[in-house]
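Here is what each chain is made of, one letter per residue.
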Amino acid sequence: MDSKQLLELAFKACDDKKAEEIIGIDVKEISGITDYYVICHANSDRQVQAIAREVKEQAEKAGIEVGKLEGFNEAQWILVDLDDVVVHIFHRDERSYYNLERLYRDAEFITYEA
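About the criteria used
Residues numbered from 1 in each chain as written. Predicted model: local features only at pLDDT ≥ 70, side-chain atom pairs only at ≥ 80, totals over all residues. Heavy atoms only, no water. Pairing = 2+ DSSP bridges. Helix = DSSP H or I, 4+ residues; strand = E, 2+ residues; numbered from the N terminus. Contact = heavy atoms within 4.5 Å. Axes fitted to C-alpha atoms, helices over the stretch in contact; angles between N-to-C directions. Buried < 20%, exposed > 50% of the residue type's maximum accessible area, 1.4 Å probe, protein only. Phe/Tyr/Trp six-rings, centres within 6.5 Å; stacked < 30°, edge-to-face > 60°.

**Student:** Please give an account of the sheet that holds strand β4 (residues 77–81) that cites residues and values.
**Tutor:** Read from one edge of the open sheet, six strands run β3-β4-β5-β2-β1-β6, paired in mixed fashion. Edge positions in the sheet fall to β3 (69–70) and β6 (108–111), since each of these pairs with one other strand and no more. Relative to strand β5 (residues 85–91), strand β2 (residues 36–42) is paired through seven bridges, and the arrangement is parallel. In the sheet register, A42 faces β5, and the bridge partner there is H91. Sheet contacts for helix α1 (residues 3–16): β1 (20–26), β2, β5 and β6; angle to β2, the most-contacted strand, approximately 5°. Strands β2, β3, β4 and β5 of the sheet are contacted by helix α2 (residues 45–61), whose axis makes an angle of about 165° with β5.

Structure representation (structure tokens):
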């Protein structure tokens, strides 16, 4: 599976659990760590965890090894490392506070449409 297909898998998994404002950021030219970031948010701790679980489960079904799943217990900002794609799942208030989109404003943004 190439990184673009993995991006689509992450988008769909987030959408399946009703994540809000799902975007992708192409960081291939900026980061030597990954190709894409996916950023989304939810309105409750439980929903943040459900989205992270779904991303992990869908990746594993596709044969992708999940590198790390950080922040799961706190459920304010969960990072799911899929190697070529890193998924950031925020609680709504945390997303606006950290505003990762601002940090990568020069990169290409990819919107998700179901």
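There's more to say after this.
**Student:** A description of the side chain of R95 should follow, citing residues and the corresponding values.
**Tutor:** Note on placement: R95 falls in helix α3 (residues 92–98). With sequence-adjacent residues up to four places away left out, R95 is seen in contact with E20, E21, I23, I39, C40, H41, F90 and E101.

**Student:** Could you give an account of the pairing of β2, naming the residues involved and the relevant values?
**Tutor:** Burial analysis of β2 places seven of its seven residues in the buried class, the great majority of the element. Covered by surrounding structure in β2 are Y36, V38, C40 and A42 together with Y37, I39 and H41, the residues of both alternating faces. Where β1 meets β2, five bridges bridge the pair, whose relative direction is antiparallel. If you follow D26 over to β2, its bridge partner there is Y36.

**Student:** Before we move on, could you go through the environment of Q5 and cite the residues and values that matter?
**Tutor:** For Q5, the location among the structural elements is in helix α1. The class for Q5 is partly exposed, based on a relative accessible area of 44%. Separated by 35 residues in the primary sequence, Q5 and C40 place their C-alpha atoms 18 Å from one another.

**Student:** So what's going on with the packing of aromatic side chains? Which residues, and what values?
**Tutor:** A full pass over the atoms with the stated rule returns six aromatic pairs. Pairing W77 with Y98 gives two aromatic rings, centres 4.7 Å apart and planes at 50°, and the pair type is tilted. Remark: Y98 occurs in helix α3 and W77 occurs in strand β4; sequence separation between them is 21 residues. Ring centres 4.9 Å apart and planes at 90° place the aromatic pair Y97 and Y98 in the edge-to-face group. On the basis of relative accessible area, Y97 is assigned to the exposed category, the value being 64%. For Y98, a relative accessible area of 34% corresponds to the partly exposed category. Among the aromatic residues, those joined into a ring-pair cluster are W77, F90, Y97 and Y98.

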